[in-house]
Amino acid sequence: MKTKILALLLLSATLGGCSKFLEEKPLAEVALDQHFKNLYDVQAAMAGMYSGFQIEMIGVGNAKDNFLEKYLYWGEYRSDNFDRAISYTKDFIDEIVLNGITPTNQFSDWSGLYNIIGRANLNIKYIPQAAKLDSRITPQMVDDYLAQCYALRAMCYFYLVRVWGDAPIWLEPYEDLNQPASRPRDKKEKIMDEVIIPDLAKAYAQVDKDAKNPLWTIGSAGICAMMADVYMWKKDYPNAKIWIEKLFLAKSPTGASYAGTNEKNLQDAATWKAIFTGPLNSKEAIWSIHWDYTKNGCACMQTSWAPNNKPIVVDETAWTDLFQPQTTGTPSPDIRPQQTLDVYYGLPNNKRDRFIKWYPTSATPTKEDPWPATNQMLPVYLTIYRLADIYLLYAEALNGLGDKANALKYLNFVRKRANLPEYEASNPGLATAYQLETAILNERRMELYGEGKRWFDLVRTGRVKEVMDPILKRRQEDAGSLDKPGFLDPQRRVYWPVHRNVLNSNTLLVQNPGYTD
């Protein structure tokens, strides 16, 4: 049987375009030996791979299928940062914020990540073939394309490990319908050690380390950031430190070295918002997703643009601790809260649902933001990695290595940029490594609020039960539950269930512990 590939998937894709690229039934078929023949084919294949990741993170821009931001459902909405708006909530949101996720929850489906992995696998196998047929594809271009494919494949597996734990490994294209399509789950440790880290090492070996970081695609700094993040997940602080220091040698999209020497390497305090509204001009940006309204439609996410009745809001504890103080007569000097949430919206009973971080607003507002309807038509840039994130990971790694002085230094670089007082080494609240880690996590919470990091931070540092128990008991009480168990066994429930459709399509899979079908 002749091997086939969905040509429309690759040829119609563009980096700025979005559509459902993979369906059960192909719309058109072209033999593989007729594809990957020239530069255009390769560019289309790369565009299709990145577009798949963009769709997976944000969703699709139409009224039927919007509000699908896995970037936030996986990285934020289970945490203490966000909660449901009780008047407008939906069943699948209740499951997530009350830690009652079921195998039918739409966000427990990992198929989209495997679609991207499949595209990366095809590219890795066939881009070198195209280079032999088209002299415009130089060896340097092949190296760069392959580096991006390995890196994005690694990122998809990193999401799989963080969200579900164990998962099947596919490192080759699925090209023959006679080939078995079912595989059992491999251990998360094996995926980290035998897939993610080797893929990122290959990517770094092949990428141009002297080039400016490309921002919308993955360059050397993005690879280093991922590798550091992976090693932090493994609590391998020496290797995390090595890769962060390699990142400091890379160049930002502006051409400036990330350097990593002080707070001046970060985006200036006066233009902090530019990290999110104009990242191409930010010396702090590393890798972002570009969602263009003119090509993709509305970047409709539960926390950003929605006409009315948003089902997700900032958690009331986060509001009380981080945002409400900015409305008092003696607000904190912190530059970030008022540029993250419209703190004046709906006072005195703030609705907590006007998340403005991704939109151009006043740096020092004194009243509710006008929030025009044209906000819907603005591009949205979602940050995957940026330098302040890496500074705080560096502080965490240094603290894990027992280097309190330098851990404090990098924590204070972020605080100083935020216009906050620096921590003193003599502070009794930072006497232990655990206390210092808590301070770093608190700083990450405010600095990276809404950037898809908080839930993963809690899981990585083993803080889920400690942080989420009181939050969940309060939410369960608000929901009228007589039984308020808080966060159940964190060894079993920190991962999502595998969606029932995925289990039905692959009989070799087993469900995560703690969930029933």
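Source: prediction; values computed, not measured.

Trainee: Now, about the overall build of the protein: what can you tell me, with residues and values included?
Mentor: The helix and strand tally for the protein stands at 20 helices and six strands. Taking 24 Å as the expected radius of gyration for a compact globule of 517 residues, we find that the protein reaches 23 Å, a close match to that expectation. If one aligns the C-alpha atoms of the protein with their principal axes, the spans along those axes are about 70 × 50 × 45 Å. Taking all 517 residues of the protein together, the buried fraction comes to 59%. The long-range fraction of contacts in the protein, counting pairs at least 24 apart against all pairs at least 6 apart in sequence, stands at 70%. Of the roughly 20,500 Å² of accessible surface on the protein, 52% is carried by carbon and sulfur atoms. Computing the positive centroid from 60 side-chain charges and the negative centroid from 61, the protein places the two 1 Å apart.

Trainee: Can you tell me about the packing of aromatic side chains, naming the residues and giving the values?
Mentor: Evaluated as defined, the whole model comprises 33 aromatic pairs. The interplanar angle of 85 degrees and the centroid separation of 5.5 Å between the aromatic rings of tyrosine 77 and phenylalanine 82 together place this pair among those described as edge-to-face. Each member of the pair, tyrosine 77 as well as phenylalanine 82, carries the same accessibility label: buried. Plain terms: the ring middles of tyrosine 359 and tryptophan 371 are 5.2 Å apart, the flat faces sit at 75 degrees to each other, and that makes the pair edge-to-face. Of this pair, tyrosine 359 sits in the loop between helix H13 (337-340) and strand S6 (380-386) while tryptophan 371 sits in the loop between H13 and S6, and the two are twelve residues apart along the sequence.

Trainee: So, the state of the cysteines: which residues are in play, and what are the values?
Mentor: In this structure the tally under the stated criterion is zero disulfides. Between cysteine 149, a cysteine without a disulfide, and cysteine 156, which holds the nearest cysteine sulfur, the sulfur-to-sulfur distance is 11 Å. Residue classification places cysteine 149 among the buried residues on the basis of a relative accessible area of 0%.

Trainee: How would you sum up unusual backbone geometry? Please name residues and give values.
Mentor: In this structure, proline 348 follows leucine 347 across a cis peptide bond, with omega equal to 10 degrees. Looking at where proline 348 falls in the secondary structure, it is placed in the loop between H13 and S6. Non-glycine residue asparagine 419 carries a positive phi angle of around 75 degrees. Among the structural elements, asparagine 419 can be located in the loop between helix H15 (404-417) and helix H16 (433-447). Judged by relative accessible area, which is 46%, asparagine 419 ranks as partly exposed.

Trainee: Got a sec to walk through the environment of tryptophan 358? Specific residues and values, please.
Mentor: Counting through the fold element by element, tryptophan 358 comes out in the loop between H13 and S6. With 54 residues separating them in the primary sequence, tryptophan 358 and serine 304 have C-alpha atoms 7.9 Å apart. Ignoring sequence-local partners within four residues, the contact set of tryptophan 358 consists of Leu72, Phe276, Thr277, Met301, Thr303, Ser304, Pro379, Val380, Tyr381, Leu382 and Gly450.

Trainee: Report on the pattern of salt bridges, specifying residues and quantitative values.
Mentor: Two side chains with opposite charge may pair up if their charged atoms get near one another. Applying the stated rule across the entire model yields 41 salt bridges. For the salt bridge of aspartate 186 with lysine 190, the shortest nitrogen-to-oxygen distance reads 3.5 Å. Glutamate 443 is the partner of arginine 415 in a salt bridge, and the nearest nitrogen-oxygen pair spans 2.9 Å. Here arginine 415 is found in helix H15, whereas its partner glutamate 443 is found in helix H16, with 28 residues between them in sequence. Using a relative accessible area of 4% as the deciding quantity, one classes glutamate 443 as buried.

Trainee: I'd love a proper account of the packing of helix H7 (residues 188-206) against helix H8 (residues 220-233), names of residues and values included.
Mentor: The relative placement of two packed helices comes down to the angle between their axes together with the axis-to-axis distance. Interaxial distance between H7 and H8 falls to 9 Å at its minimum, and their mutual angle equals 155 degrees. It follows that H7 is roughly antiparallel to H8 by the angle criterion. As for how H7 packs across H8, the hand of that crossing is left-handed. Packed against H7, whose contacting residues are Met192, Ile196, Ile197, Leu200, Ala201, Ala203 and Tyr204, the element H8 presents Ser220, Ile223, Cys224, Met226, Met227, Val230, Tyr231 and Trp233 at the interface. Residue composition of the contact of H7 with H8, by class: 14 nonpolar, one polar and no charged.

Trainee: Now, about the confidence of the model for the protein: what can you tell me, with residues and values included?
Mentor: As a note on interpretation, predicted positions should not be read in detail where pLDDT is low. Residue-level pLDDT values for the protein average 89, and 91% of them are 70 or greater. This model gives residues 1-29 a pLDDT under 50, and the stretch forms 67 contacts once residues within four places in sequence are excluded.

Trainee: Can you lay out the pairing of strand S4 (residues 285-291) for me, pointing to particular residues and giving the numbers?
Mentor: With six of its seven residues buried, S4 lies for the most part within the structure. Alignment of S4 against S6, held across six bridges, turns out to be antiparallel. Directly across from alanine 285, in S6, lies its bridge partner arginine 386.

Trainee: I'd love a proper account of H15, names of residues and values included.
Mentor: The terminal C-alpha atoms of H15, which comprises 14 residues, lie 20 Å apart, in line with the 20 Å expected from a rise of 1.5 Å per residue. Of the positions making up H15, those classed as buried are Ala407, Leu408, Tyr410, Leu411, Asn412, Phe413, Val414, Arg415 and Arg417. In this structure, the buried side of H15 is in contact with helix H9 (237-248), helix H10 (274-277), S6, helix H14 (387-400) and H16. A positive phi of about 75 degrees marks asparagine 419, the residue just after H15.

Trainee: Please set out the side chain of arginine 153 residue by residue, giving values where relevant.
Mentor: Take arginine 153: it is sitting in helix H6 (residues 139-164). The exposure class assigned to arginine 153 is buried, which follows from its relative accessible area of 4%. Filtering out sequence-adjacent residues up to four positions away, arginine 153 remains in contact with Ile117, Ala120, Asn121, Ile124, Leu171 and Asp199.

Trainee: Let's hear about the side chain of threonine 461: which residues, and what values?
Mentor: Position of threonine 461 relative to the elements: it lies in the loop between helix H17 (454-460) and helix H18 (464-478). Since its relative accessible area comes to 11%, threonine 461 is described here as buried. A distance of 2.7 Å separates a polar atom in the side chain of threonine 461 from the backbone oxygen of aspartate 457. Apart from the residues within four sequence positions on either side, threonine 461 is in contact with Lys235, Glu396, Glu437 and Leu441.

Reading the values: rules and limits
- Residues numbered from 1 in each chain as written.
- Predicted model: local features only at pLDDT ≥ 70, side-chain atom pairs only at ≥ 80, totals over all residues.
- Heavy atoms only, no water.
- Helix = DSSP H or I, 4+ residues; strand = E, 2+ residues; numbered from the N terminus.
- Rg over C-alpha atoms; globule rule 2.2 N^0.38 Å.
- Buried < 20%, exposed > 50% of the residue type's maximum accessible area, 1.4 Å probe, protein only.
- Contact = heavy atoms within 4.5 Å.
- Areas by Shrake-Rupley, 256 points an atom, 1.4 Å probe, with all protein chains shown as cover.
- Lys, Arg positive; Asp, Glu negative; His and termini not counted.
- Charge placed at Lys NZ, Arg CZ, Asp CG, Glu CD.
- Phe/Tyr/Trp six-rings, centres within 6.5 Å; stacked < 30°, edge-to-face > 60°.
- Disulfide = S-S within 2.5 Å.
- Salt bridge = Lys/Arg side-chain N within 4 Å of Asp/Glu carboxyl O.
- Axes fitted to C-alpha atoms, helices over the stretch in contact; angles between N-to-C directions.
- Parallel < 35°, antiparallel > 145°, perpendicular 65-115°, else oblique.
- Left-handed = near helix turned anticlockwise from the far one by under 90°.
- Nonpolar A, V, L, I, M, F, W, Y, C, P; charged D, E, K, R; others polar.
- pLDDT = per-residue confidence, 0-100.
- Pairing = 2+ DSSP bridges.
- Expected span 1.5 Å × (residues − 1).
- Polar contact = N/O pair within 3.5 Å; in protein donor to acceptor, adjacent residues only side chain to side chain.

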